[in-house]
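Inside the fold
Spelled out, the chains give:
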Number of protein chains: 4
Amino acid sequence: MARELDVLVICGSLRKGSYNRAICNTLPELAPEGMRTTLAPSFEPIPIYNADIQATGFPPEVTAYGEAIAAADGVIIVSPEYNYSVPGGLKNLIDWISRLPDQPFKGKPVALQSASASMLGGARMQYHLRQTMVFLNAHVFLTPEVFVGSAGQKVSPDGETIADEGTRKVIATQLAAFMPYAEKIGAK
Amino acid sequence: MARELDVLVICGSLRKGSYNRAICNTLPELAPEGMRTTLAPSFEPIPIYNADIQATGFPPEVTAYGEAIAAADGVIIVSPEYNYSVPGGLKNLIDWISRLPDQPFKGKPVALQSASASMLGGARMQYHLRQTMVFLNAHVFLTPEVFVGSAGQKVSPDGETIADEGTRKVIATQLAAFMPYAEKIGAK
Amino acid sequence: MARELDVLVICGSLRKGSYNRAICNTLPELAPEGMRTTLAPSFEPIPIYNADIQATGFPPEVTAYGEAIAAADGVIIVSPEYNYSVPGGLKNLIDWISRLPDQPFKGKPVALQSASASMLGGARMQYHLRQTMVFLNAHVFLTPEVFVGSAGQKVSPDGETIADEGTRKVIATQLAAFMPYAEKIGAK
Amino acid sequence: MARELDVLVICGSLRKGSYNRAICNTLPELAPEGMRTTLAPSFEPIPIYNADIQATGFPPEVTAYGEAIAAADGVIIVSPEYNYSVPGGLKNLIDWISRLPDQPFKGKPVALQSASASMLGGARMQYHLRQTMVFLNAHVFLTPEVFVGSAGQKVSPDGETIADEGTRKVIATQLAAFMPYAEKIGAK
């Protein structure tokens, strides 16, 4: 019997009521059969990257985070756009992860999703993140891209999940296409 | 008598032996007459941006940082490139600053410089930072751009300053051109 | 009596029914008092850039185009996004212009506008064009940015002009702000 | 017996003495066993893209070019950087190709190489081209990236091929790694 595809979900926002968190919350019900999504821990406790700290040893949160990425069959990053780019906190996580021995993004299939209140839905963030992933040797899924614009109108009344049918459909379509992509590109 | 142009210098690296810090250390002696450069404090103590924290009040370090930017006639950001983009810590600082009332980068003249061990000298970081500055309405100086590649060969033996003559010259040229640019675009 | 600000408008699309052409057609009525907008000729007859052709002399269309840019007080580029970037034809024009002696974009105030059928309204094109303009030393206006998404719903019934009130307002706002910017940054 | 991997090589420069053409000329001798590289025709005769022309039928050069891409197992684009981005002529080719029925870049493995006289070796061009390839659903090879900086010092005395040993090695390394990547990602 085929094993499941284990996908780690990284949320780029720390805000409790975040639209991107609402996407993360909705992924398990939109994932295709055979894909299991698990939310990664918050990157809030990770200190600002400093090579002098690294020289004394990686913070345990970073090591644990890297192990979670390494153990996953794929990663989905769901993030807001801050100032037309990647949130500093998410980038700081990646900066730490990138220094780990056996850098865990190497060869990893990655999908990107973003939500924002604007029409652009976080697109500018995604193209910056794609460039970062070139350096990390991660295979970023191509299309359909998931940009959730005007996100305030797409969440459920309690703000916990994505309610909008069109948005749910494009996310489900991406997840369904990401699965064979991850299996193909991630195969040893 | 004309007053001096006060320029705040933000260093994107926290590492003590950083090549970018060596640039920052060298700016006062390369600045043209009439320009005074002041190093901004470290962004290390600033927490990872979280809108829920902001809702309870800006951290005092952020408020102070914003006031320093607001008071300056111009800003120079000197930063390494991490993972083909802006260091997370520097971006996190900017993410906080961008939420301040009277966002202080608005209308501010900004110059960019970067150093790295690679041939590209941090160029990929600078173009991402330029895009962020569009949102913030900061006027980023154009050319000459300062990309210090193979930076290990350009520092003084103690690593504290930039020794390479060609590098010093391009930095001095940028500073000399930044001064009238800042005066023109920053004029009320 | 103050002279008018002469602004050259470059259309990035050759299609007769282009949404971007509809924007160009609408600019004269949205321009503030004191700004005169003039549509530049089509770049269709300009050959694909080849340094070996340049070595035998610039095509007369390129020389004339460069003179028009040089004579203008500012330039507005209105363009679609092709394949997430700048249309090849528009880029080819710029590639020729960039080789002219006394490169005419140098120091020129430039504003960007784009329309597309998608939600993003051509944003990806604009950030690539901004990067090109860094090399050319052109001063690109910051915000408000003009991204006309879902453009098919914004044009007049005959497709010749922009009818949507919100879109007309944001364009007029940009033009009104571009005028003092161009006067300030373009002043000798 | 295994068939060869057929790779189409697209040169982004039309100049006879182009450094990028020197790379193209050198690829056959650097390709690993089992990879055959074929130079694509010049894009010089292709008109500037115009949807009104397309409506009357694709130019025969475009159709033929698209068929060559479709028939190949992979594509290598070797191009200079013009004005910090993709040359207009190369982009114009891609703009036409992107409109073909059965868009031939879809699912195609693609590798990028660039040469320039500057230190950066065309890097800015490559990241713009990567963004375009997201839209086209082409799988762009990750690392090693090939940026040939200071290219005038890397060519043979007659300018026809790449003579520099370090450059030849990095190109050969990329080609050797591109081969299994193309076989894996391109497998039906």
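Residues numbered from 1 in each chain as written. Chains lettered and ligands numbered in written order. Predicted model: local features only at pLDDT ≥ 70, side-chain atom pairs only at ≥ 80, totals over all residues. Heavy atoms only, no water.

Our focus in this paragraph is the overall build of chain A. Looking only at helices and strands, one finds six helices and six strands in chain A. Going from the N terminus to the C terminus, chain A shows its helices and strands as β-α-β-α-α-β-α-β-α-β-β-α. Relative to the compact-globule value of 16 Å for 188 residues, chain A shows a C-alpha radius of gyration of 16 Å, a close match. Projected onto its principal axes, the C-alpha coordinates of chain A cover approximately 50 × 45 × 25 Å. Across chain A, every contact between residues at least 6 apart in sequence was considered, and the portion connecting residues at least 24 apart equals 82%. Of the roughly 7100 Å² of accessible surface on chain A, 55% is carried by carbon and sulfur atoms. The averaged location of the 18 negative side-chain charges in chain A is 5 Å from the averaged location of its 16 positive side-chain charges. (Helix = DSSP H or I, 4+ residues; strand = E, 2+ residues; numbered from the N terminus. Rg over C-alpha atoms; globule rule 2.2 N^0.38 Å. Contact = heavy atoms within 4.5 Å. Areas by Shrake-Rupley, 256 points an atom, 1.4 Å probe, with all protein chains shown as cover. Lys, Arg positive; Asp, Glu negative; His and termini not counted. Charge placed at Lys NZ, Arg CZ, Asp CG, Glu CD.)

Let us look at the packing of aromatic side chains. Enumeration over the complete set of coordinates arrives at 36 aromatic pairs over all chains. Between the aromatic rings of F141 of chain C and F178 of chain C, the centroid separation amounts to 6.0 Å while the plane-to-plane angle is 85 degrees, which identifies the pairing as edge-to-face. Note that F141 of chain C is positioned in the loop between β5 (139-140) and β6 (146-148) and F178 of chain C in helix α6 (residues 165-186), a separation of 37 residues in sequence. Ring centres of F58 of chain D and W96 of chain D lie 6.0 Å apart, and the angle between their planes is 65 degrees; this geometry places the pair in the edge-to-face category. Of this pair, F58 of chain D sits in the loop between α2 (51-54) and α3 (60-71) while W96 of chain D is found in helix α4 (residues 88-97), placing the two residues 38 residues apart along the sequence. Grouped by ring-pair contacts, the aromatic residues Y49, F58 and W96 of chain A together with Y82 of chain B constitute a single cluster. The ring of Y82 of chain B has R99 of chain A sitting right over it, with the charged end atom 4.5 Å from the ring centre. Between the NZ or CZ atom of R15 of chain D and the centre of the ring of Y19 of chain D, over which it lies, the distance is 5.6 Å. (Phe/Tyr/Trp six-rings, centres within 6.5 Å; stacked < 30°, edge-to-face > 60°. Lys NZ or Arg CZ within 6 Å of the ring centre and 35° of its normal.)

A separate point is the relation of the copies chain B and chain D. Under the fitted operation, chain B is carried onto chain D by 0.0 Å of movement along the axis and a turn of 180 degrees, and the coordinates agree to an RMSD of 0.0 Å. Considering both components of the superposition, the chain copies are consistent with a two-fold axis. Considering only C-alpha atoms, the residue of chain B closest to the rotation axis is L120 of chain B, which sits at 2.6 Å. With an isologous cut-off of 70% or more, the 100% of interface residues of chain B that recur at the interface of chain D puts this contact in the isologous class. (Least-squares fit on C-alpha atoms with pLDDT ≥ 70 in both.)

A common measure of how large an interface is: the accessible area buried when the components associate. Chain B puts eight residues into the contact, and the matching count from chain D is eight residues. For the chain B and chain D pair, buried surface summed over both sides reaches about 700 Å², with 66% attributable to carbon and sulfur atoms. Linking chain B with chain D are zero salt bridges, by the criterion used here. In this assembly, chain B and chain D are joined by four residue pairs in polar contact (both at pLDDT 80 or more). With three residues, helix α5 (residues 123-136) of chain B is the largest single contributor of residues to the side of chain B that touches chain D. Class assignment of the residues belonging to the side of chain B that touches chain D gives a composition of six nonpolar, no polar and two charged. (Buried area = accessible area lost by both parts, 1.4 Å probe. Salt bridge = Lys/Arg side-chain N within 4 Å of Asp/Glu carboxyl O. Polar contact = N/O pair within 3.5 Å; in protein donor to acceptor, adjacent residues only side chain to side chain. Nonpolar A, V, L, I, M, F, W, Y, C, P; charged D, E, K, R; others polar.)

Before going further, it helps to spend a moment on the relation of the copies chain A and chain B. Least-squares fitting of chain A to chain B yields an RMSD of 0.0 Å, with the superposition described by an axial translation of 0.0 Å and a rotation of 180 degrees. A symmetric contact is evident, with 100% of the interface residues of chain A recurring at the interface of chain B.

Moving on, we get to the interface of chain A and chain B. Contacts between the two partners involve 33 residues from chain A, matched on the other side by 33 residues from chain B. Together, the buried faces of chain A and chain B total about 2800 Å²; carbon and sulfur atoms form 55% of this surface. Considering only the side of chain A, the residues that lose the most area to chain B are I48, N83 and Y84 of chain A, jointly responsible for 25% of the buried surface there. For the pair chain A and chain B, the number of links is 21 residue pairs in polar contact (both at pLDDT 80 or more). For the side of chain A that touches chain B, the secondary structure elements donating two or more residues are α2 (51-54), α4 (88-97) and α5 (123-136) of chain A. No other element matches the seven residues that α5 of chain A contributes to the side of chain A that touches chain B. Of the residues contributing to the side of chain A that touches chain B, the split by class is 15 nonpolar, ten polar and eight charged.

A separate point is the side chain of Q131 of chain B. Along the chain, the position of Q131 of chain B falls in helix α5. Polar side-chain contacts of Q131 of chain B include one of 3.1 Å to the backbone oxygen of Y84 of chain A. When neighbours within four sequence positions are excluded, Q131 of chain B is seen to be in contact with Y84, R124 and H128 of chain A together with Y127 of chain C.

Averaged over all residues, the pLDDT of chain A equals 97, while 99% of them reach at least 70. Model confidence for the complex: the whole-complex pTM is 0.98, and ipTM, which rates the interface, is 0.97. (pLDDT = per-residue confidence, 0-100.)

A word on helix α1 (residues 19-30) of chain C. Residues and elements named next belong to chain C. Compared with an ideal rise of 1.5 Å per residue, which puts twelve residues at 16 Å, α1 spans 16 Å between its outermost C-alpha atoms and is within 8% of the ideal. By the burial criterion, the buried members of α1 are N20, A22, I23, C24, T26, L27 and L30. Packing partners of the buried residues in α1 comprise β1 (5-11), β2 (35-39), β3 (74-78), β4 (109-115), β6 and α6. The N-capping residue of α1, defined by a side-chain oxygen 2.9 Å from the backbone nitrogen of N20, is S18. (Expected span 1.5 Å × (residues − 1). Buried < 20%, exposed > 50% of the residue type's maximum accessible area, 1.4 Å probe, protein only.)

Here we come to the environment of I97 of chain B. Residue and element names in this part refer to chain B. Among the secondary structure elements, I97 is positioned in helix α4 (residues 88-97). Remark: the alpha-carbon pair of I97 and A64, spanning 33 residues in sequence, is separated by 10.0 Å. Look past the residues within four positions of I97 in its chain and what remains in contact with it is V62, Y65, G66, I69, Q103, P104 and F105.

On inspection of all chains with the given rule, the structure shows 32 salt bridges over all chains. Three or more residues joined by partner-sharing salt bridges are found here, namely R3, E4, D6, R36 and D73 of chain A.

Moving on to the pairing of strand β4 (residues 109-115) of chain B. All names here are of chain B. Among the seven residues that make up β4, seven are buried, leaving the element largely enclosed by the rest of the structure. Every second residue of β4 is oriented toward a common face, with P109, A111, Q113 and A115 on one face and V110, L112 and S114 on the other, all of them buried. Pairing of strand β3 (residues 74-78) with β4 involves four bridges; the strand directions are parallel. Counted as the bridge partner of V78 is Q113 from β4. Regarding the hand of the β-α-β motif, the stretch spanning β3, α4 and β4 is right-handed. (Pairing = 2+ DSSP bridges. Right-handed = clockwise from strand over helix to strand, strands pointing away.)

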